[in-house]
Amino acid sequence: MDGFGVLLSGLCAVHCVLGAMLVGIMGLGGQFLLAPEIHRIGLALAVVVGFVSIGLGVLRHGRLEPLVLGVVGLSLMAAGLMVEHGLPEAVLTILGVALVALAHIRNLHKLA
């Protein structure tokens, strides 16, 4: 699950960066790429995968660091849903995704 979480985090970051570029530079796909539903679904998936995989890891190795990183990252992602589309949303989401990915990676290292 942690590997899947890292993959989802990467896909989210790519979506944020490429989505902004496609919409901002070429004016393409704004109705789909910037749709709030995409971000809500992504956040819901991140919450489920994050809490299941990171939570199970914490139960196995007893270290809270990955859980704290994951919760902070998910909180930043949620905050990104509460601001208007644009730079603030992208910054909050990408920072959140990076922290969630780091939490999954730290969890994998603790389990190894």
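Cut-off values and rules
Residues numbered from 1 in each chain as written. Predicted model: local features only at pLDDT ≥ 70, side-chain atom pairs only at ≥ 80, totals over all residues. Heavy atoms only, no water. Helix = DSSP H or I, 4+ residues; strand = E, 2+ residues; numbered from the N terminus. Buried < 20%, exposed > 50% of the residue type's maximum accessible area, 1.4 Å probe, protein only. Contact = heavy atoms within 4.5 Å. Areas by Shrake-Rupley, 256 points an atom, 1.4 Å probe, with all protein chains shown as cover. Salt bridge = Lys/Arg side-chain N within 4 Å of Asp/Glu carboxyl O. Core = buried A, V, L, I, M, F, W, Y, C linked by side-chain atoms within 4.5 Å. Patch = residues over 30% accessible without salt bridge, like charges linked within 9 Å, V, L, I, M, F, W, Y side chains within 5 Å.

Explain the overall build of the chain to me, and be specific about the residues and the numbers.
Looking only at helices and strands, the chain features 5 helices and 0 strands. Ordered by position from N to C terminus, the α and β elements of the chain give α-α-α-α-α. For the chain, buried positions account for 31% of its 112 residues. Long-range contacts, defined as pairs at least 24 residues apart, comprise 67% of the intrachain contacts of the chain with a sequence gap of at least 6. For the chain, the accessible area works out to roughly 6,400 Å², and carbon and sulfur atoms hold 77% of it.

How would you explain the pattern of salt bridges if you had to name every residue and give the values?
Applying the stated criterion across every chain yields a total of 1 salt bridge. Between Glu65 and Arg106 there is a salt bridge; the shortest N-O distance is 3.1 Å. Residue Glu65 is found in helix α4 (residues 65-81), and its partner Arg106 is found in helix α5 (residues 87-111); the two are separated by 41 residues along the sequence. On the basis of relative accessibility, which here comes to 27%, the residue Arg106 falls in the partly exposed class.

Could you give an account of the environment of Val97, with specific residues and numbers?
Within the element layout of this structure, Val97 appears in helix α5. The class for Val97 is buried, based on a relative accessible area of 4%. Expressed as a C-alpha distance, the spacing of Val97 and Leu43, which sit 54 residues apart in the sequence, is 9.7 Å. Excluding its chain neighbours within four sequence positions, the residues that come into contact with Val97 are Ser9, Cys12, Ala13 and Met77.

Any details on the nonpolar core? Residues and values, ideally.
As a rule of thumb, nonpolar side chains are buried together in soluble globular proteins. One finds Leu43, Ala46, Leu74, Met77, Val97 and Val100 forming the largest nonpolar core, which totals 6 residues. Excluding residues within four positions of it along the chain, Ala46 makes contact with Phe51, Leu74 and Met77.

Go over a nonpolar patch on the surface, please, and point to the residues and values.
Taken together, Met1, Phe4, Leu7, Leu11, Ile41, Leu45, Val48, Val52, Leu56 and Leu59 make up a surface patch of nonpolar side chains, about 970 Å² in accessible area. Among the elements that make up the nonpolar patch, the one with the highest residue count is helix α3 (residues 36-61) (6 residues). Checked against the element boundaries, Leu45 lands in helix α3.

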